[in-house]
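Residues per chain, in single letters:
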Amino acid sequence: MCIRDRIHIMANEREEYIKIPNVSEPSFETNSELIDIWGRNWGCDSDVGKLKTVLMHPPTEDILRDPRKRLVASNEATDERDQGWYWDGDECMPRTQLPIDEMRDQWDGLLSVLEAHEVEIIRMQSVTGGRFSHYTRDSAIAVQGGAIICRLRPYTRRGEEVWATKSIAQLGMPIIRTITGKGMLEGGSFTWLDSQTVIVGRSNCVNEEAVVQLEEILKPQGIEVLRADLSFFDIHIDGVFGMLSHGVAMVDKDKLPFVFLEELQKRHITLIPITKDDDPWVLNSLVIEPGKVVMPEGLSAVTRKRLDHHHIEVITIPFDKVHLNGGGIRCSTCPLIRESIQRV
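Because the structure is a prediction, the values reported are computed rather than measured.

Asker: Got a minute to help me understand unusual backbone geometry in this structure?
Answerer: A negative phi holds for most residues other than glycine; trans holds for most peptide bonds. The peptide bond linking Glu25 to Pro26 adopts the cis configuration, its omega dihedral lying at 0°. On the secondary structure map, Pro26 appears in the loop between α1 (3-14) and α2 (31-38). One non-glycine residue, His268, adopts positive backbone phi at about 65°. Mapped onto the elements, His268 comes out in the loop between α7 (258-266) and β11 (270-273). Notably, His311 is not glycine yet its phi reads approximately 60°, a positive angle. Within the secondary structure, His311 sits in the loop between α8 (301-309) and β14 (313-317).

Asker: What exactly am I supposed to notice about the nonpolar core here?
Answerer: Buried together is how nonpolar side chains tend to be arranged in soluble globular proteins. In terms of nonpolar packing, the biggest core is built from 36 residues, with Ile168, Leu185, Phe190, Val200 and Leu218 touching the most fellow members. Contributions of two or more residues to this core are made by β3 (140-143), β4 (146-149), α5 (160-171), β6 (190-194), β7 (197-202), α6 (208-218) and β15 (334-338). The element best represented in this core is α6, accounting for 5 residues. Setting aside anything within four residues of it in sequence, one finds Ile168 in contact with Leu55, Ala140, Ala147, Ile149, Met173, Ile175 and Leu336. If you look at the next biggest cluster of nonpolar residues, it comprises 31 residues, including Ala228, Val240, Leu264 and Met295.

Asker: It is not clear to me how the side chain of Ser300 should be interpreted in this structure. Could you clarify?
Answerer: By the secondary structure assignment, Ser300 is in the loop between β13 (292-296) and α8. Side-chain polar atoms of Ser300 contact the side chain of Thr303, separated by 3.1 Å. Those residues within four positions of Ser300 in sequence are excluded, and the remaining contacts are Thr275, Asp277 and Asp278.

Asker: In this structure, what is going on with the sheet that holds strand β5 (residues 175-178)? I would like to understand it.
Answerer: Across a sheet, paired strands are connected by hydrogen bonds in the backbone, their directions being either parallel or antiparallel. The 3 strands are arranged β3-β4-β5 in an open sheet whose pairing can be described as mixed. Strands at the two margins of the open sheet, each flanked by one partner only, are β3 and β5. Averaged over all pairs of adjacent strands, the angle between their axes in this sheet comes to 20°, without regard to strand direction. Bridging between β4 and β5 involves 3 bridges; their strand directions are parallel. Across the sheet, residue Ala147 finds its bridge partner in β5, namely Ile175. Along the sheet, α5 makes contact with β3, β4 and β5, crossing β4 at roughly 165°. Its contacts with the sheet place α6 against β3, β4 and β5, and it is angled at close to 155° to β5.

Asker: Teacher, can you tell me more about the sheet that holds strand β2 (residues 120-123) here?
Answerer: The sheet built from 3 strands is open, its strands ordered β2-β1-β15 with mixed pairing. On the outer flanks of this sheet lie β2 and β15, each paired with one strand and no other. Each strand of the sheet is rotated relative to its neighbour by a mean of 20°, with strand direction disregarded. Taken together, the 4 bridges between strand β1 (residues 51-56) and β15 define a ladder with antiparallel strand orientation. Bridge pairing in β15 places Thr53 opposite Ile337.

Asker: Any chance you could explain the pattern of salt bridges here in plain terms?
Answerer: Think of it this way: side chains of opposite charge can pair up when their charged atoms draw near. Inspection of the entire model under this criterion finds 19 salt bridges. When the shortest N-O distance is used, the salt bridge between Arg227 and Glu215 registers 2.9 Å. Linking Arg227 in strand β8 (residues 224-229) with Glu215 in helix α6, this pair joins segments that are 12 residues apart in sequence. Overall, the relative accessible area of 14% leaves Glu215 in the buried class. Salt bridges linked by common partners bring Arg202, Glu208, Glu215, Arg227 and Asp229 together as one network.

Calculation notes
- Residues numbered from 1 in each chain as written.
- Predicted model: local features only at pLDDT ≥ 70, side-chain atom pairs only at ≥ 80, totals over all residues.
- Heavy atoms only, no water.
- Helix = DSSP H or I, 4+ residues; strand = E, 2+ residues; numbered from the N terminus.
- Core = buried A, V, L, I, M, F, W, Y, C linked by side-chain atoms within 4.5 Å.
- Buried < 20%, exposed > 50% of the residue type's maximum accessible area, 1.4 Å probe, protein only.
- Contact = heavy atoms within 4.5 Å.
- Polar contact = N/O pair within 3.5 Å; in protein donor to acceptor, adjacent residues only side chain to side chain.
- Pairing = 2+ DSSP bridges.
- Axes fitted to C-alpha atoms, helices over the stretch in contact; angles between N-to-C directions.
- Salt bridge = Lys/Arg side-chain N within 4 Å of Asp/Glu carboxyl O.

And the structure:
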């Protein structure tokens, strides 16, 4: 007798309807499911919730080594291949001239600020080289319930996703998806606008195929994906836009499409523009709790006054040596857990 026949007979004997429990609820990304099954409330639903856990890797001599011989090697030859489309001119210093010790000192300063705010630091595991491997932001994105592993476009960065995958899996954090096919996505071009909306900057490093794959994960969670098309060398959204607190963002208005800025205004986002006196790297900052931001030196008096008006507290640290390799404070951190601003 098969199970179906047995259920049918039992239903007749009891003269009741068959009752099949709805075991699909609550959904995977709810607090109860994550904590009971996966041990922690993994993921993020904003860029401004209190930062709890972050993935990092220090800039050391290791970043100058070739990662894996089976991949396109990260060396001066691949630097040359990537220059002209991934970065332009003097934006990234030649790897042999990078001031590694000074970069490490400034990275340690960022680490100290995060530890002082009780942020858990997870060190990237199994890193075997690659000049940009200390910019952990780009290899993974934390969403509600887990991580999405990205697929990096530059020749000199291929393979960084492997180290992020190993590190995240070792923690027991769910990996919800890996970008595959011809999709190209980097975490620096992904940002939360609010708990129901994310922004993806399409660029020479982020294509539509990857955005569609991202939507397949986020739409069932009720999360909308907005697209912002960037200029040729603005490879990531975090070089021109950044959330600072609930409903407050800092922008480089001259490098963002008008229709995108108009859409943000419709959504009642307060936009604080940087000025010609600001170091553009101030946009590449990290919110450690609502209204408290770690920024590099270079904020103008005018912009600081505007931030004060909106009750944004700024912690300033030197980071100019790390900038020489093409990334900033936000680039150097990959949040894995933030306190939810809405999740139940």
